[in-house]
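The residues making up each chain are set out below.
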Amino acid sequence: MSENYHSGFVAIMGRPNVGKSTLVNAFLQQKIAPVSPRPQTTRRKQLGILTLENAQVIFVDTPGVHQPRHKLGEKMNAEAMKTLEESDLILFIADVTVFPGDDDNNLAGWVAKLKQRPPIILALNKMDRASNQQLEDIPSAYHQLVPQAQLHLISASKRQNLEELLTSIINLLPFGMPLFSEAQLTDLYERDLAGELVRESCLIYLQDEIPHGITVRIDQFTERNEHGAYIEATIFVERESHKGIVIGQNGLMLKKIGAHARKEIEEMSGRKVFLSLRVKVSKNWRNSEKMLRRFNY
Ligand code: GDP
Ligand code: MG
């Protein structure tokens, strides 16, 4: 490695649903973070590691910031703040089809309060579906929130302007040796990823009021060599009434959730997977310190 090698941590921030996970996945060209049309899909801090010839970029996909309504929410915000302070660069992502709102103001307020001030890039995403009027009016509204930021217009899902964005990111990172081995894409084990993919599948199929009360525990993950992997997982819901909804009539909903998750896990791991799911009630787990610890939040 030469002395021209860059490496460092890039903290990704932005309100829920602006496309943070989609962007990291696009850079890594592989699905490591759950993506769904619902906000708050990403709950854990997760690294995405991109190793190139001239740089190693370590993306930290922070959980979406929002007004905390329960203990899990508070933990998520504290975690996000720490991530920003420890990063070498902040990548602020926003949706160029929506004017800045309270969440964006709060995020900008946090950035202003940081003691260490990493450089900032403002990436305005979803340009593929923005009108000319939006492209004219909205970028400057965001830029006013973080005037020190470098501005990029991108589309994560259509892969527009991502090369330019990546070049800017690399140039702003400090010089240094790679911190992770080249083969490592993420710090989460396949097992954890499988759990996240089951949860993502729940978010896709279930009604609005249930998904945020769901967490998934992987009970068994065993290799069956040429036959692939055998996975047993438990979906925890907060209420008895939710259990019935997740299982569905004749178990049909759980079947749909399982089939989708299995396909995603197979895609991620490149081999066959047998997935067995069950549903359990764990009352009010989001407000219980003990349960949060047990689920590793
Ligand atoms: P996050 O909550 O910020 O991590 O957002 P996600 O990555 O989960 O994306 C939220 C939604 O926006 C998903 O339905 C994505 O497919 C969609 N999305 C992400 N990037 C783009 C984009 O560049 N253009 C369009 N049209 N949709 C996008
Ligand atoms: Mg996300």
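Every value quoted in this text rests on a predicted model; they were computed, and no experiment measured them. (Residues numbered from 1 in each chain as written. Chains lettered and ligands numbered in written order. Predicted model: local features only at pLDDT ≥ 70, side-chain atom pairs only at ≥ 80, totals over all residues. Heavy atoms only, no water.)

Overview of the side chain of R15
Put simply, the test is: The helix and strand labels rest on DSSP assignments: H or I over at least four residues marks a helix, E over at least two residues marks a strand, and numbering proceeds from the N terminus. For the exposure calls, accessible area comes from a 1.4 Å probe over protein chains only, and a residue counts as buried if that area is under 20% of its type's maximum, exposed if over 50%, partly exposed in between. Here a polar contact means two N or O atoms within 3.5 Å. Within protein one must be a hydrogen donor candidate and the other an acceptor candidate, and residues neighboring in sequence count only if both atoms are side-chain atoms. Two residues form a contact once any of their heavy atoms are found within 4.5 Å.
Following the sequence through the fold, R15 ends up in the loop between strand 1 (6-13) and helix 1 (20-28). On the accessibility criterion, R15 (15% relative accessible area) is buried. A polar side-chain atom of R15 sits 3.4 Å from the main-chain carbonyl oxygen of F99. In this structure, R15 is in contact with K20, I93, V98, F99, G101, D103, D104, L107 and Y142, ignoring residues within four places of it in sequence.

Focus: the sheet that holds strand 8 (residues 229-237)
Pairing between the strands of a sheet is mediated by backbone hydrogen bonds and can be parallel or antiparallel. What counts, and what does not: The pairing criterion for strands is at least two bridges between them, as found by DSSP. Axis angles are defined between N-to-C directions and span 0 to 180 degrees, where every axis is a line fitted to C-alpha atoms and, for a helix, only to the segment in contact.
The three strands lie next to each other as 7-8-9, forming an open sheet whose pairing is mixed. This sheet does not close on itself; its edge strands, each paired only once, are strand 7 (215-223) and strand 9 (273-281). Pairwise comparison of adjacent strand axes, ignoring direction, gives a mean angle of 15° for this sheet. With eight bridges connecting them, strand 7 and strand 8 associate as antiparallel partners.

Observations regarding the site of ligand 1
Quick note on the threshold: Proximity criterion: a residue is near a molecule or strand once any of its heavy atoms comes within 4 Å of it. Reported accessibility uses the Shrake-Rupley method at a 1.4 Å probe radius. Residues are deemed covered only where the shown protein chains occlude them. When residues are grouped by polarity, Ala, Val, Leu, Ile, Met, Phe, Trp, Tyr, Cys and Pro land in nonpolar, Asp, Glu, Lys and Arg in charged, and all others, Gly among them, in polar.
If you check the shell around ligand 1, you find 17 residues, and the closest are N17, K20, T22, D128 and S157. One of the backbone N or O atoms of V18 is found 3.3 Å from an oxygen atom in ligand 1. In this structure, N125 approaches ligand 1 through a side-chain N or O atom, which is 3.1 Å from an oxygen atom. Protein chains shield 84% of the accessible area of ligand 1, which is 580 Å² for the free molecule. Residues belonging to the shell around ligand 1 are distributed by class as follows: five nonpolar, eight polar and four charged.

Comments concerning the packing of aromatic side chains
The test is simple: What counts as a ring pair is set by centres within 6.5 Å for rings of Phe, Tyr and Trp (its six-membered ring), and what kind of pair is set by the plane angle: stacked under 30 degrees, edge-to-face over 60, tilted for all other angles.
Tallied over the entire structure, the rule returns one aromatic pair. Between the aromatic rings of F27 and F59, the centroid separation amounts to 5.3 Å while the plane-to-plane angle is 5°, which identifies the pairing as stacked. Here F59 lies in strand 3 (residues 55-61) and F27 lies in helix 1, a separation of 32 residues in the sequence. The class for F59 is buried, based on a relative accessible area of 0%.

Let's talk about the environment of A94
Structurally, the position occupied by A94 is in strand 4 (residues 89-95). A relative accessible area of 1% means that A94 is categorised as buried. Residues A94 and P16, spaced 78 residues apart in sequence, show a C-alpha to C-alpha distance of 9.3 Å. When neighbours within four sequence positions are excluded, A94 is seen to be in contact with V18, A123, L124, N125 and Y142.

Points about the pairing of strand 5 (residues 120-125)
Put simply, the rule is: Crossovers are marked right-handed if the path from the first strand over the helix to the second runs clockwise, as seen with the strands pointing away from the viewer.
Counting buried residues along strand 5, six of its six residues qualify, which places the element largely inside the surrounding structure. Both faces of strand 5 are covered, namely the face carrying I120, L122 and L124 and the face carrying I121, A123 and N125. As paired strands, strand 4 and strand 5 are joined by six bridges and run parallel to one another. Within the sheet, the bridge partner assigned to D95 lies in strand 5 and is N125. With respect to chirality, the unit in which strand 4 leads through helix 3 (residues 102-113) into the neighbouring parallel strand 5 is right-handed. In the sheet, strand 5 pairs with strand 6 (residues 150-153) via four bridges, with the strands oriented parallel. Across the sheet, residue L122 finds its bridge partner in strand 6, namely L151. Remark: the strand 5/helix 4 (residues 132-145)/strand 6 crossover connection has right-handed handedness.

Let's talk about helix 6 (residues 190-205)
For clarity, the threshold we go by: To estimate the expected span of a helix, subtract one from its residue number and multiply by 1.5 Å.
Helix length check: helix 6, at 16 residues, gives a terminal C-alpha distance of 23 Å against a target of 22 Å (1.5 Å per residue), a fit within 8%. Buried residues of helix 6: L193, A194, G195, E196, L197, V198, R199, E200, S201, C202 and L203, and no others.

Regarding the environment of R262
Tracing the sequence through the fold places R262 in helix 8 (residues 252-269). Taking C-alpha positions, R262 is 8.5 Å from L197, a pair spaced 65 residues apart along the chain. Aside from chain neighbours lying at most four places away, what touches R262 is V273 and L275.

As for the environment of R271
Tracing the backbone through its elements, the reader meets R271 in the loop between helix 8 and strand 9. Sequence-wise, R271 and A229 are 42 residues apart; in three dimensions their C-alpha atoms are separated by 7.7 Å. Filtering out sequence-adjacent residues up to four positions away, R271 remains in contact with E190, F221, E223, G228, A229 and E266.

The values are spatial; any link to function lies outside them.
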